[in-house]
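The lines below spell out each chain.
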Amino acid sequence: MTGNIDKPSAKTRQVMVGNVALGGTAPVVVQSMLNVPAEDAEGNLRQIEALAEAGCEVVRMAVPRKDCLHSFETVCAKSPLPVVADIHFSADIAIAAAECGAAKLRINPGNIGGLAKTDAVLDAARATGIPIRIGVNAGSLDAELAARTDLTLPEKLAESAAQYARYCEERGFTDLVLSAKAHDVMTTVRAYRLLSQRLPHIPLHIGVTEAGTQFQGIIKSASGLGILLEEGIGSTLRISLTDDPVNEIRACWTLLSALDLRRRGPEMISCPTCGRTQVNLIGLADEVEARLARVEKPLKVAVMGCVVNGPGEARDADIGVACGAGSGAVFLHGEVIRKVPEEEIVDALMEEIEKL
Ligand code: SF4
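The shown structure was predicted, so the numbers you read here are calculated from the model rather than taken from an experiment.

**What to know about the pattern of salt bridges**
Phase 1: Under the counting rule described, the total for this entry stands at 23 salt bridges.
Phase 2: Its salt-bridge partner being E231, residue R193 comes within 2.7 Å of it at the nearest N-O pair. With a gap of 38 residues between them, R193 in helix α7 (residues 185-198) and E231 in the loop between α8 (214-230) and β10 (236-237) connect regions that are remote in the sequence.
Phase 3: Classification of R193 by relative accessible area gives partly exposed; the value is 26%.
Phase 4: The class of E231 is buried, set by a relative accessible area of 10%.
Phase 5: The residue D260 makes a salt bridge to R263 at a minimum N-O spacing of 3.5 Å.

Here it is as structure tokens:
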């Protein structure tokens, strides 16, 4: 399966998470998970605002105990984004979360208390008109399936998710999203390939779970999810980081933009610096990147270390700066429009970006 020739995600059913379409012909949806204590409604709402500003489209909130339901209800009522309830171990909490305004439920039927309990959750989701994500993780596989020696781990993950999906569909519940995550990149990739082949009609939530801190987590997630997205697998993604969830959203958009799937805000081109560099280019590039985070225009912005190669190497940039000895030349579509000293480079570049 390669490139855009065969796009399983385009063949999936479409489900609605609040007002956000997921699957079918909808663009890949960017999501994250809140990490403020569940009982702190105001704190969660502040984090949702920050995530929404960064481009998050769907947000997930853990509801670990019944006494968090009141806070969850407040968050659902006030959130500008659809809120997914993340539930483990308790069908009763899942049912109550649906009634409190969840836009989707995320459950792992393996730990929700047996299939009879799952039935009651399906009924609650049906009654409130919301979809369910069946989320299978390598760390919480059904014991019988986990013990099988005739299947690889990706096959076990896909089989587990497929079994639950079949169970739901046999009961007439088709408003489903599936995930089958592992912390190992290629296990995750192989599990999703199998799921996509076996259940091409169900939208997939893709992610590498417990991917790590920012540096490792972004590399693991981007390599695994990049493979899947290029193969047309995945209707929504989460990049899991041991970090501020806003960075998860920035990483999602950077990945989608690098794959030419979706673009939000500028893309930065910056050179790696070399012996010709005569300014603090790494500091300049970091500052430009931070200030571009508040710009929504889909521009290509170059920050280059030398005048000789700068504009030439960044010819396809809309705007940029090529630096010399303690100075910089701001260029627009390859033509120099301003020359400024080093300390004014970032301000001058941002001023010119404002005008575009
Ligand atoms: Fe070196 Fe200039 Fe290339 Fe930057 S743009 S790596 S300074 S040659």
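**Some details on the nonpolar core**
Phase 1: With 81 residues, the main nonpolar core has F72, I87, L105, I132, I134, L178 and L237 as its most contacted residues.
Phase 2: Ignoring sequence-local partners within four residues, the contact set of F72 consists of M61, V63, V83, V84, A85, A97, C100 and A102.
Phase 3: One finds L284, L292, A322 and V330 within the second-largest nonpolar core, a separate group that totals 27 residues.

**Looking at the environment of G324**
Phase 1: Here G324 shows up in the loop between β13 (319-323) and β14 (327-332).
Phase 2: A sequence separation of 282 residues divides G324 from E42, and the C-alpha atoms of the two residues are 49 Å apart.
Phase 3: Not counting residues within four places of it along the chain, the set of residues in contact with G324 comprises Q278, V279 and V307.

**Remarks on helix α1 (residues 41-54)**
Phase 1: For α1, spanning 14 residues, the distance from its first C-alpha to its last is 20 Å, which sits close to the expected 20 Å at 1.5 Å a residue.
Phase 2: Along α1, the residues that are buried comprise A41, G43, N44, L45, Q47, I48, L51 and A54.
Phase 3: Elements that come into contact with the buried residues of α1 comprise β3 (29-33), β4 (58-62), α2 (69-78), β5 (83-87) and α9 (245-258).
Phase 4: One or two residues past the end of α1 sits G55, with phi positive at roughly 110°.

**Points about the packing of aromatic side chains**
Phase 1: The final tally for this structure, using the stated rule, is 0 aromatic pairs.
Phase 2: Above the plane of the ring of Y167 lies R171, whose end atom (NZ or CZ) is 3.6 Å from the centre.

**Considerations on the sheet that holds strand β8 (residues 176-181)**
Phase 1: The sheet built from 8 strands is open, its strands ordered β8-β7-β6-β5-β4-β3-β10-β9 with parallel pairing. Each edge of the sheet is formed by a strand with only one pairing partner; in this case those strands are β8 and β9 (205-206).
Phase 2: Note: β4 against β5, 4 bridges, orientation parallel. In the strand pairing of β5, V59 is matched with V83.
Phase 3: Relative to the sheet, helix α6 (residues 153-170) contacts β7 (132-137) and β8, its axis offset from that of β8 by approximately 165°.

**A word on α2**
Phase 1: Three or more residues of α2 are buried, namely L69, S71, F72, V75 and C76. Down the axis of α2, the buried side of the element spans an arc of 155°, and every buried residue falls inside it. Exposed side of α2, more than 90 degrees from the buried face: H70, A77 and K78 are the residues found there.
Phase 2: Buried residues in α2 make contact with α1, β4, β5 and α3 (91-99).

Parameters and conventions
Positions within a chain are numbered from 1, following the residues in the order the chain's sequence is written. Selection of residues for local features in this predicted model requires a pLDDT of at least 70, selection of side-chain atom pairs for listing and counting requires 80 or more, and totals for whole chains, interfaces and linings are taken over all residues. Note that water and hydrogens are dropped before the side-chain values are worked out from all heavy atoms of the structure. Put simply, a salt bridge is a Lys or Arg side-chain nitrogen that is within 4 Å of an Asp or Glu carboxyl oxygen. Secondary structure elements are taken from DSSP: a helix is a run of H or I of four residues or more, a strand is a run of E of two residues or more, and numbering for both begins at the N terminus. Relative accessibility decides the category of a residue: with a 1.4 Å probe and only protein chains considered, values under 20% of the type maximum give buried, values over 50% give exposed, and everything between is partly exposed. Throughout this description, the term nonpolar core refers to a set of buried Ala, Val, Leu, Ile, Met, Phe, Trp, Tyr and Cys residues connected via side-chain atoms within 4.5 Å. A contact between two residues is defined here by any heavy atoms of the two lying within 4.5 Å. Multiplying 1.5 Å by the helix residue count minus one yields the expected span of that helix. Two rings from Phe, Tyr or Trp (for Trp, the six-membered ring) form a pair when their centres are within 6.5 Å of each other. A pair whose planes differ by under 30 degrees is stacked, one over 60 is edge-to-face, and the rest are tilted. Two thresholds decide whether a charge sits over a ring: the Lys NZ or Arg CZ must be within 6 Å of the ring centre and within 35 degrees of the ring normal. Strand pairing follows a simple DSSP-based rule, namely that at least 2 bridges must link the two strands. Only C-alpha atoms enter the line fits that serve as axes; for helices the fit covers just the stretch in contact. Angles between N-to-C directions range over 0 to 180 degrees. Each direction from the helix axis to a C-beta atom contributes to the arc, which is the arc of those directions.

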